[in-house]
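Observations on the three-dimensional arrangement
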Amino acid sequence: MITRTRLAAGTCALLAALAAGLAFPAGAVAGEPTGDDAPKVDLVLDVSGSMRTRDIDGGTRMAAAKQAFNEVLDATPEEVELGIRTLGADYPGDDRGTGCKDTAQLYPVGPLDRTEAKTAVATLAPTGWTPIGPALLKAADDLDGGAGSKRIVLISDGEDTCAPLDPCEVAREIAAKGIGLTIDTLGLVPNAKMRQQLSCIAEATGGTYTSVEHTDELTEKVNQLVDRAADPVVTPVATRGADSCAKAPTLKSGLYTDRAEFGAQRWYRVDVAPGRELRASVSVGADRAVNPSHGVLLRAVTAHGREIVRGEAAGDGRTDVLSTGLRYPKAEGGSDEEPAEAVCLQVTHSFSVASGVKTTPGLPLELTVDVVDGPSGADDVASFGLGRGWWLLGVLVLVGFLAGLLWGWLSRWRFAVWRTN
C-alpha cells in the first residue's frame, strides 16, 4: 500500500513538472551566433627561466609544454586560426626594463601550418622574465579584427614580474573594450599567489582558470579550449549607456556590454511597437574584491519618467555575478500607424569596494535586449508566463483530483472486502 501510494505521488509530481515545462514559453534568443569569420586562438606560453624546473612527470615544465603543444597542433580543427606568442623567451639579462618587453609572436594567428608551428615551438628554451601583462596586451592586438570568437590561452608557471602593469588590470581593460575576447589561464604546479593572479585574469574576461600538474592534463585542457573556440558564440556589442533617459542610446535586439560605474546610473532606450513585448535582462559582474551585501536594479520607464516595471536582485558576496530581468508587453494600438513607444532601461547597482581597491573602470555589465511578438490576449499577459499552458495545467489538476477520488474509493472497497472475508 505504501509503495503504491509513493508511486502515485511520484507520478503526480512527474506530471506536474512536465506540465510546468510545457506551459512556460521558451525564452527568446537575443542575438545570433557570429558569422562566417574564423574563430581565432592565441596560445601564450611562459618561457621564463623557471620553466627549466623538473617537476612535471620527471621532466622540465618546458618539455611538458612542448609535448602538449605538439599534440594540440595535431588536433586543432581546420576552421580555427591559431597563433603562438611567447613571453620571456629572448632576453636572459637582469635589466628589468628590457626583460619586461620580452614578448614576441612565435607563430602568427592565421591558417595553421602544423609543421612550421611545431618547428617554431621546438626552438624554445627557458630564458628570462615573466611579463604577463605586456604579453596579454600584445596578444589582444594579435586577435584584433573580425567578428568570430577570440580566445587567449595563457600557460604560465609563475607570477608576473613586471608590476606595476598588473595583469589583472590589463585583463579588465581588454574586457572593457567589448571585443568579445576570452582569456583562459593554465597554471603549472601552482602556488597560492599565482593561482590568485591567474584566476583574476580569467574571471575578468569570463574565462576559466585550471591548475595542471601532468603533461596529459595540460594537453587535454588546451585541446578543450581550442575546440571551444570553434563553437558558435554570440559576440556582445560594446555600447555606452548615458546618464539620463534623454541621452540614452537606442538599442535593437541583441547582446551588449558596458561598464557600470560605482554610484552611477546607466540608461538605454528601446523602441517597442504596439503588439510587441520587450524582454530585457542585465548581469553585473564583480571583477575585483567587493564588499558583501549588494544589489542590481533594472527599471523600464517611459520617456516621461513613469516606471512601467522593474526587476531586482540582491547578493551576499557568495557569487561574483548578479542578474535580473523584466518583461513589458505593449498592448495593440487603435490603428496600424500608431508609433512605437520609447522605453528607457535604467541599470543601477549597489556594489562597493574597500579602501584601496580601484573603482575605475566600472564593473562589467552585460545587457540582453529582445523585442518579440506580444501575448495574444489580455488573459495571456496575466498568466504569469504560462500563457495557454494554464489549460494543460488545469486538465492535469482535474485528472489528478479524479484519480485521487477513484484511488480512495477502490482502497475503501478493498478494505471492506477484506474485513468481510
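Everything here concerns the structure above.
As a starting point, this report considers the structure included with it. (Residues numbered from 1 in each chain as written. Predicted model: local features only at pLDDT ≥ 70, side-chain atom pairs only at ≥ 80, totals over all residues. Heavy atoms only, no water.)

1. So, the state of the cysteines
Covalent bonding between the sulfur atoms of two cysteines is what defines a disulfide. Following the criterion strictly, the structure yields three disulfides and no others. The residue that forms a disulfide with Cys168 is Cys200, at a sulfur-sulfur distance of 1.6 Å. Judged by the sign of its S-S torsion, about -40°, the cystine formed by Cys168 and Cys200 is left-handed. Taken together, the residues Cys168 in helix 6 (residues 167–176) and Cys200 in helix 7 (residues 192–204) connect sequence positions 32 residues apart. The exposure class of Cys200 is buried, given its relative accessible area of 19%. Here Cys245 connects covalently by a disulfide to Cys344, the sulfurs 1.9 Å from one another. On the S-S bond that ties Cys245 to Cys344, the torsion sits near 60°, and the link is right-handed. You can see Cys245 sitting in the loop between strand 9 (237–238) and strand 10 (254–260) and its partner Cys344 sitting in strand 16 (residues 341–349), a full 99 residues away along the chain. In this structure Cys245 comes out as buried when scored by relative accessible area, which is 13%. Assessed through its relative accessible area of 0%, Cys344 is described here as buried. The connectivity of the disulfide bonds within the protein chain can be written as 1-2, 3-4, 5-6, using the sequence rank of each bonded cysteine. (Disulfide = S-S within 2.5 Å. Helix = DSSP H or I, 4+ residues; strand = E, 2+ residues; numbered from the N terminus. Buried < 20%, exposed > 50% of the residue type's maximum accessible area, 1.4 Å probe, protein only.)

2. Some details on the environment of Lys118
Within the element layout of this structure, Lys118 appears in helix 4 (residues 114–122). With 48 residues separating them in the primary sequence, Lys118 and Asn70 have C-alpha atoms 6.1 Å apart. With sequence-adjacent residues up to four places away left out, Lys118 is seen in contact with Asn70, Leu73 and Asp74. (Contact = heavy atoms within 4.5 Å.)

3. Let's talk about the environment of Trp267
Within the fold, Trp267 resides in strand 11 (residues 266–272). What makes Trp267 buried here is its relative accessible area of 10%. Sequence separation of Trp267 and Ala300 is 33 residues, and the distance between their C-alpha atoms is 9.8 Å. Setting aside chain neighbours within four positions, we find Trp267 in contact with Gly241, Ala242, Asp243, Ser244, Cys245, Ala248, Pro249, Arg299, Val301, Cys344, Leu345 and Gln346. Looking at Trp267, its side chain comes within polar contact range of the side chain of Gln265, at 3.1 Å. (Polar contact = N/O pair within 3.5 Å; in protein donor to acceptor, adjacent residues only side chain to side chain.)

Honestly, it's all geometry; don't read function into it.
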